[in-house]
Each structure stands twice: as structure tokens, then as C-alpha cells.
Amino acid sequence: MPNSVITVERLSKRFGDVTAVDEVSFSIAQGSTAALLGGNGAGKTTTLAMLLGLLLPSRGRISIFGEDMLRHRYRVLPRMNFSSPYIDLPHRLTVRENLTVYSRLYGLPHIKPRLARLAHELDLEGIFNRTYGQLSSGQRTRVALAKALLNQPELLLLDEPTASLDPDSADYVRGYLETYQAGSGATILLASHNMSEVERLCDDVIILRAGKIVDRGTPRSLLDRYGRQNMEEVFIDIARERYLEFGVEPRKVAK
Amino acid sequence: MSGYLARTIGSFRRIAAIVLRHVYLLRRSWPRILELMYWPTVQMILWGFITLFFVNHSSWVAQAAGILISAVLLWDVLFRGQLGVSVIFMEEMWSRNLGQLFVSPLRPIELIGALFTMSLIRTIIGVGGASLIAIGLFHYSIYDLGLPLIAFFVNLIVMGWSIGLIVSGTILRYGLGAESLAWIAIFALQPISGVYYPIDVLPPWLQHVAFMLPSSHVFEGMRAVLIDQTFRVDLLVNALVLNVFFLGGGIVAFLLFFRAARVGGQLVQVGE
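These numbers come from a predicted model, not from an experiment.

Trainee: Describe the overall build of chain B, and please don't skip the residues or the numbers.
Mentor: When you go through chain B residue by residue, the secondary structure sums to 11 helices and zero strands. Taken from the N to the C terminus, the helices and strands of chain B come in the order α-α-α-α-α-α-α-α-α-α-α. Its C-alpha atoms give chain B principal-axis dimensions of about 60 × 45 × 40 Å. When burial is assessed residue by residue, chain B has 45% of its 272 residues classed as buried. A separation threshold of at least 6 residues defines the contact pool for chain B, and within that pool the share at least 24 residues apart is 77%.

Trainee: Give me the confidence of the model for chain B: which residues, what numbers.
Mentor: All names here are of chain B. In this model, chain B carries a mean pLDDT of 91, and residues with pLDDT of at least 70 account for 99%. Element-level pLDDT for chain B is lowest in helix 3 (residues 59-63), with a mean of 73, against a maximum mean of 97 in helix 11 (residues 233-264). Here the predicted complex scores 0.91 on pTM and 0.88 on ipTM.

Trainee: Tell me about the sheet that holds strand 7 (residues 155-159) of chain A, and please be specific about residues and values.
Mentor: Residue and element names in this part refer to chain A. Within the open sheet, the six strands sit side by side as 6-7-8-3-9-10. Their pairing is mixed. Edge strands, defined here as strands with exactly one partner in the open sheet, are strand 6 (80-83) and strand 10 (212-217). Ignoring strand direction, the axes of neighbouring strands in this sheet form an average angle of 15 degrees. With five bridges joining them, strand 7 and strand 8 (residues 187-192) adopt parallel strand pairing. Bridging across to strand 8, Leu157 finds its partner in Leu189. Along the sheet face, helix 5 (residues 137-149) touches strand 6 and strand 7 and points at about 170 degrees away from the line of strand 6.

Trainee: I'd love a proper account of the packing of helix 2 (residues 30-55) of chain B against helix 4 (residues 67-94) of chain B, names of residues and values included.
Mentor: All names here are of chain B. Interaxial distance between helix 2 and helix 4 falls to 8 Å at its minimum, and their mutual angle equals 160 degrees. Overall, the two elements helix 2 and helix 4 adopt an arrangement that is roughly antiparallel. In the crossing of helix 2 with helix 4, the sense of the turn from one axis to the other is right-handed. Only Leu68, Ile69, Val72, Leu73, Asp76 and Arg80 of helix 4 make contact with helix 2, whose side of the interface consists of Pro40, Gln43, Met44, Trp47, Gly48, Ile50 and Thr51. For the contact of helix 2 with helix 4, the per-class residue count stands at eight nonpolar, three polar and two charged.

Trainee: Help me get a handle on the nonpolar core, residues and values and all.
Mentor: Counting residues in each nonpolar core, the largest one holds 148 residues, and the members touching the most others are Leu157 and Ile206 of chain A. Broken down by element, this core gets its largest block of residues, 16 residues, from helix 4 of chain B. With near-sequence residues (within four places) excluded, Leu157 of chain A lies in contact with Leu48, Leu51, Leu52, Met80, Phe82 and Leu189 of chain A.

Trainee: Break down the packing of helix 10 (residues 214-228) of chain B against helix 11 of chain B for me, with residues and values.
Mentor: All names here are of chain B. Put simply, helix 10 and helix 11 touch, their axes get as near as 8 Å, and they point 160 degrees apart. Our classification of the angle between helix 10 and helix 11 gives roughly antiparallel. Judged by the sense of rotation from one axis to the other, the crossing of helix 10 with helix 11 is left-handed. Facing Pro214, His217, Val218, Glu220 and Gly221 of helix 10, the residues of helix 11 in contact are Leu235, Leu236, Asn238, Ala239, Leu242, Asn243 and Phe246. Residue composition of the contact of helix 10 with helix 11, by class: seven nonpolar, four polar and one charged.

Trainee: Give a detailed account of the interface of chain B and chain A, specifying residues and quantitative values.
Mentor: In this assembly, 27 residues from chain B lie in contact with 24 residues from chain A. For the side of chain B that touches chain A, the elements supplying multiple residues, two or more each, are helix 1 (3-28), helix 5 (98-101) and helix 11 of chain B. Per element, the largest residue contribution to the side of chain B that touches chain A is 10 residues, and it comes from helix 1 of chain B. Split by residue class, the side of chain B that touches chain A holds 12 nonpolar, eight polar and seven charged.

Trainee: Talk me through the pairing of strand 6 of chain A; I want residue IDs and the actual numbers.
Mentor: Residue and element names in this part refer to chain A. Judged by which residues are buried, strand 6 turns out to be covered on both faces: Met80 and Phe82 on one side and Asn81 and Ser83 on the other are all buried. Bridge count for strand 6 against strand 7 is four bridges, and the pairing is parallel. Across the sheet, the residue bridging to Asn81 is Leu156, located in strand 7.

Trainee: Now, about helix 1 of chain B: what can you tell me, with residues and values included?
Mentor: Three- or four-residue spacings in an α-helix give side chains the same orientation, since the helix completes a turn every 3.6 residues. In a regular helix each residue adds 1.5 Å, so 26 residues correspond to 38 Å; helix 1 of chain B covers 38 Å between its end C-alpha atoms and thus fits that length. Buried residues along helix 1 of chain B sit in contact with helix 3 (95-105) of chain A together with helix 4 and helix 6 (108-138) of chain B.

Trainee: Run through helix 10 of chain B, naming residues and quoting values.
Mentor: Residue and element names in this part refer to chain B. Along its 15 residues, helix 10 runs 21 Å from first to last C-alpha, staying within 8% of the 21 Å computed at 1.5 Å per residue. Extensive coverage of helix 10 is indicated by the burial of 11 of its 15 residues. Listed as buried for helix 10 are Pro214, Ser215, Ser216, His217, Val218, Phe219, Glu220, Gly221, Met222, Arg223 and Val225. Buried residues belonging to helix 10 abut helix 4, helix 7 (147-174), helix 9 (204-210) and helix 11. Positive phi shows up at Gln229, right after helix 10, with a value of about 55 degrees.

Trainee: Lay out the pairing of strand 4 (residues 59-64) of chain A with the relevant residues and their values.
Mentor: Residues and elements named next belong to chain A. With five bridges connecting them, strand 1 (residues 4-15) and strand 4 associate as antiparallel partners. Looking at strand 4, one finds that Thr7 is bridged to Ser63. With two bridges joining them, strand 4 and strand 5 (residues 67-68) adopt antiparallel strand pairing. Bridge pairing in strand 5 links Ser63 to Asp68. Between the antiparallel neighbours strand 4 and strand 5 lie two residues, among them Phe65 with a positive phi of about 50 degrees.

Cut-offs applied
Sequence order sets the numbering: in each chain, residues are counted from 1 along the sequence as written. All chains are assigned letters beginning with A, and all ligands numbers beginning with 1, in the order in which they are written. Local features are withheld for residues below a pLDDT of 70 in this predicted model, meaning they are given only at 70 or higher, and side-chain atom pairs are given and counted only at 80 or more; totals for whole chains, interfaces and linings count all residues. Where helices and strands are cited, they refer to DSSP runs of H or I of at least four residues and of E of at least two residues respectively, numbered from the N terminus. Exposure is read from a count of other C-beta atoms within 10 Å of each residue's own; the residue is exposed at 12 or fewer, buried at 20 or more and partly exposed in between. C-beta atoms are placed from the backbone. Residue pairs are scored as contacts if the distance between their C-beta atoms, which are placed from the backbone, is within 7 Å. Confidence per residue, as judged by the predictor, is encoded in pLDDT with a range of 0 to 100. By definition, two strands form a pair when at least two bridges between them are found by DSSP. Under this scheme, a helix contributes an axis fitted over its contacting stretch, all axes are lines through C-alpha atoms, and angles between N-to-C directions fall in the 0 to 180 degree range. Here the angle decides the label: under 35 degrees means roughly parallel, over 145 means roughly antiparallel, 65 to 115 means roughly perpendicular, and every other value means oblique. Here a crossing is called left-handed whenever its near helix is offset anticlockwise from the far helix by less than a right angle, and right-handed whenever the offset is clockwise. Three categories are distinguished: nonpolar for Ala, Val, Leu, Ile, Met, Phe, Trp, Tyr, Cys and Pro, charged for Asp, Glu, Lys and Arg, and polar for the others, with Gly belonging to the last. Here, a nonpolar core means buried Ala, Val, Leu, Ile, Met, Phe, Trp, Tyr and Cys residues linked by C-beta atoms lying within 7 Å of one another. Given a helix with a known number of residues, its expected span is that number minus one, times 1.5 Å.

Next up, the structure:
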């Protein structure tokens, strides 16, 4: 794929007898918003963790911005960031302190105005001096997103970016991600269970099941292929292995 | 600016960022500061009164009245040094923050640098506070040891860091279920470190084991200063050489545990 930001080749991860990710290959084009879609245990979070270098693959290659992630991870990490509701920030530090620490970890200049802008854009001003542990789960999700945007990443990996948000806040965050992506040209890869989110944000959907890629396409092409009205119905078809009825063979769909 | 210099400055900035994170935490939490001073102070008071008793009942203690208070304060340098590394590392695990840290440009070796810095700060607060109270309560100043005190302090805290790294790596790899190691591991070495008695009290075979520890050379050195008014350079050199191996071993062990955690997924799922 030309101008691909992420290239994954035959990526596998085994935990003892369990194969969490099984010979997965895909590329993500620069400036696209892609989704890893799949049920619980499909391998989405494991794949994201390997892309980030938090988890070492059992085999396979990961290249990000043309760099081998297994060998030159620290050349790549300053250009990317990550948010997940399953990885916290220190609870006893205020939002301001947490974001200050991470700004310094990324070596960012002009931290105060940067934080002020993010606080304004993500509606964090009212909670900026509260400790992270005092926040609701929705507020924590917004703070985690602010942390992920601190270094204006060229590649943003998001694990369930609107988990725990009420519909209004979730809509705001999706709108913010669209604006950020359009303004920065960043590449976004997200793992999500939220089908309307995927339909709205993503132009490339990779569907995982039991660690394998079972289908891939734009939301429109997937809806057409499965003859469905929305991605939720497509998700259920795949969860119930109906993809086989549509002649889709696992591992033969990666671009 | 050369690439090497830029990378070095970047490393120091990231170490400073992690130190700042823990200074924020310490500043906000008075129980944490109290805990730093509590145990060294209680121990010092206990051994202070024991000293008052033994000065009249033991010719050995009577030779140098501060020998037991010095021993307890120096032992706490070792213990606090180790605990400083392990507890600061566990703070990251308790707050489920490791995953966030290691998707930033922070390198494991930089985290180690931050752990050492925080351990130093915590040890100075804890043992420094207790040493000042010792002056008020027992009219004994450990600072009377003079320059050798610096040599003792450096050797003990470095040994504490080494053990702290091994404990932290073990907890990272095997989960928070192993966290009690942070509070008990060091005490396995206390009987053979000769903290309160000379090493020659031990059986000959155990003396060989004892002299493989930097701490035993430090406490022998402390007694030489207090009883014989002699600074034993040979003991200092022994401790320094052993500490090179201890520190190298601790860092390598932590990095191996860190790699094992990346294989096993412990950076993503922190728990018991």
C-alpha cells in the first residue's frame, strides 16, 4: 500500500497454548482512520499493544513510519500516542499535573498554553485542578484523550475512545477526532465495539475474529457485501460466522 | 547540538518528569511523608534506649556509645534505599500507569534513573529526619562520623537500589501478589551484614558469605571508625567493587524482567 504508516506482516501472539493473534497482515494508509473491529477476545487490544511495543510478538514484523518497531521503537514513539480506558493515569495527581508530567516526558515546549488549549477544546477546564481519581469515568476518558493528543501525534492509537461517555460527550469527542484528523492529517487506528462510531469515523475497517482477520473494507463496502443496513448487523453476522456464507475466507482479505 | 548530547538531555528531562510526578504525589500526601520518617525514627529511639542501657552493662558498647544508633541509621539507609526503588515502582503499578509510561518515549533505563533519584530523596527525608531527632534525644550525631559517613551512605544506598531493582522486576513479572517482597526481602541480609555485631561472630563459612555483601564491609568500616578511630580504606574499596557487581546485576535483572513482562503482557494487564 503506498504511503502506509503501519505495515504489519504475519503478526502472531501466543500466550502458552492460546493464540491471541494469528498471522495477521495489514497496512494502514497515511491520513486514514481505520478500525480494528471484533468481539471480546478477537485480538484487537493485543494487536494494538504489539503496535505500541507494550507486548512483544511471538512472530511477525511491525513497521511504523518505515521503522522496524521491534528494533527502533524509540524513534517512532515520539510521533505517536495512545489512549485506552483500561490503562490509567495516577489517581492522586490532578489533571493538570498528569498532563504536565506527560508533556515533559514527550519533551514538549510551551506546556502551559498547550494544556490551556487542550483543556478548552476537550472541556476540561472545570476539572483541571481535580485529582484524576475524583473524576467520573467519562471525564477520565476525556483526560486520557487529552494526554494522547499532547504531542500532536501523527499516529493515534485509540482503544475504545468513547467508552463510558454519554452520547453527547461521545459525539463531541468523535467530532473532535474528525477535526483533529482533518487538520493534522494524522492517521488514526482505533479498536471499538461501537458500530455507529466506526461508521462515522472510519474509512477502513479490519474485522478480527479469534485472532484472525476475517474481513476488511470501507463501512459502505461491508454493508453492501453483507446486505445489511448498519455495521451492528454486519458485526453480528461475523460474530456468528456468517461471513463464510458470503464467501469470505479468513486471512485472504488483507490488502 | 550533537545527536548524542540531544539524546542525553532528552533522557535527563524524562527522568526529571518522572521525579516530578512523584514529587507531586509526595507533596499532596502527608501520610507518605510521615511513613518515610516513622520507621527510622522508631528504630532509632528503640536502639537509643538500648544504647543507654548497654553503656553501663557492656564494655563493648561503652567503647563507642553511638555504635548502635549509627548502625540502625545506616541500616535504614540500606532499607530505605531499597524500599525507595520498590515502592516508587509499585506506585506506577498501583495506579495502572505503566502502560501509559511505556508508550511515551521513556526508556526502562530512564525509569531506573528516576527510581534512584526518588529513592535518594526519600532516604534523605526518612533517615535525615531520624538522625536529627537522635541529636535532640540522645545527644548523638551520626554526622560526627565525618567524611566516612558519605562513603558508607553511598555504598549502602547503591546496594539498596540493586536489591530494589530485583524486587521491582520480580513484582513486574509476577504481579502485585509478590509486593510483600518489597518490605521483607532486605531483612534476609541483615543477619549476615553485621549491622549490630562484628562479622567474626558468624560461623567461618557464613563469614565468607557475609563478605560477599557490600553492607558487611560498610558496617565493619563503621565500627573501625567508631571504636578504633580508623578509616579502613580496604573495606571501602571492597564495598565499592562489590557494589559495581550488585548494581550491574540489579540493572540487568530489571531489564530482563521488563523484557519478560513485554513477552507475557504484564505491561498491559497489571494485577495480582
